Amino acid sequence: MARIVWSDLGTRPGSAFLIVAEIAADFGGGPTADDPFDTARLRFAANLMVRTCTQSKLGGDFAVQPLRDSGALLIHCAVTEPADFARLCEIVGGRDHEATPWRGLRRFLLDEARHETLLAVAGPPDSRGAGRRVRAAREREAADRQQWGRI
């Protein structure tokens, strides 16, 4: 299994299966006023799907692509192997749809209940690096404020 970039897999739909997650309004605490494009929720959902694929021990390649479509937030996940598609379909639930041009297509709603299901497979996000980066940025800002306050 290897995670590859979307352009390598998503542009060849005849060679892959597609799973589409539509992000529900209640997912991730819902939209916030300080993030009008819902970038944080979209990134959070994409990372959840990547971790789900990684922890599912897929046998083939996969790619994940977050996107906005007519006001909807979507996560596209393409996999190359039928067994991987079947395994992920068991995890995400949802319903099959007409697949053309994909080899198979499954859609599901990523709400808080489904989030818990995926989290049981994916595990919690690794926030160790993010915490250090945030702390370091805050320390730099505080040092800059102190330095500029003295002048």
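Residues numbered from 1 in each chain as written. Predicted model: local features only at pLDDT ≥ 70, side-chain atom pairs only at ≥ 80, totals over all residues. Heavy atoms only, no water.

Hey, could you go over the side chain of serine 56 for me, with residue numbers and the actual values?
Looking at the secondary structure, you find serine 56 in the loop between α2 (39-55) and β3 (61-69). If sequence neighbours within four positions are ignored, serine 56 has contacts with Arg87, Leu88, Ile91 and Val121. (Helix = DSSP H or I, 4+ residues; strand = E, 2+ residues; numbered from the N terminus. Contact = heavy atoms within 4.5 Å.)

Could you give me a rundown of the packing of α2 against helix α4 (residues 112-122), with the residues and numbers involved?
Contact geometry of α2 with α4 gives a least axis separation of 8 Å together with a crossing angle of 45°. Classified by the angle between their axes, α2 and α4 sit oblique to one another. For the pair α2 and α4, the sense of crossing is left-handed. Here Phe44, Leu48, Arg51, Thr52 and Gln55 of α2 come into contact with α4, specifically with His115, Leu118, Leu119, Val121 and Ala122. Each residue belonging to the contact of α2 with α4 can be placed in one class, and the counts come to six nonpolar, three polar and one charged. (Axes fitted to C-alpha atoms, helices over the stretch in contact; angles between N-to-C directions. Parallel < 35°, antiparallel > 145°, perpendicular 65-115°, else oblique. Left-handed = near helix turned anticlockwise from the far one by under 90°. Nonpolar A, V, L, I, M, F, W, Y, C, P; charged D, E, K, R; others polar.)

Just give me the short version of the sheet that holds strand β6 (residues 104-110), but keep the residues and values in it.
A sheet is described by the order of its strands in space; here six strands give the open sequence β1-β3-β4-β2-β6-β5, paired in mixed fashion. Since the sheet does not close on itself, it has two edges, and those belong to β1 (2-3) and β5 (95-96), each with one partner. When β3 meets strand β4 (residues 72-79), the two strands line up antiparallel, connected through eight bridges. The partner of aspartate 69 across the bridge, within β4, is alanine 72. Packing against the sheet, α2 makes contact with β1, β2 (17-23), β3, β4 and β6, and its axis sits at approximately 160° to β3. (Pairing = 2+ DSSP bridges.)

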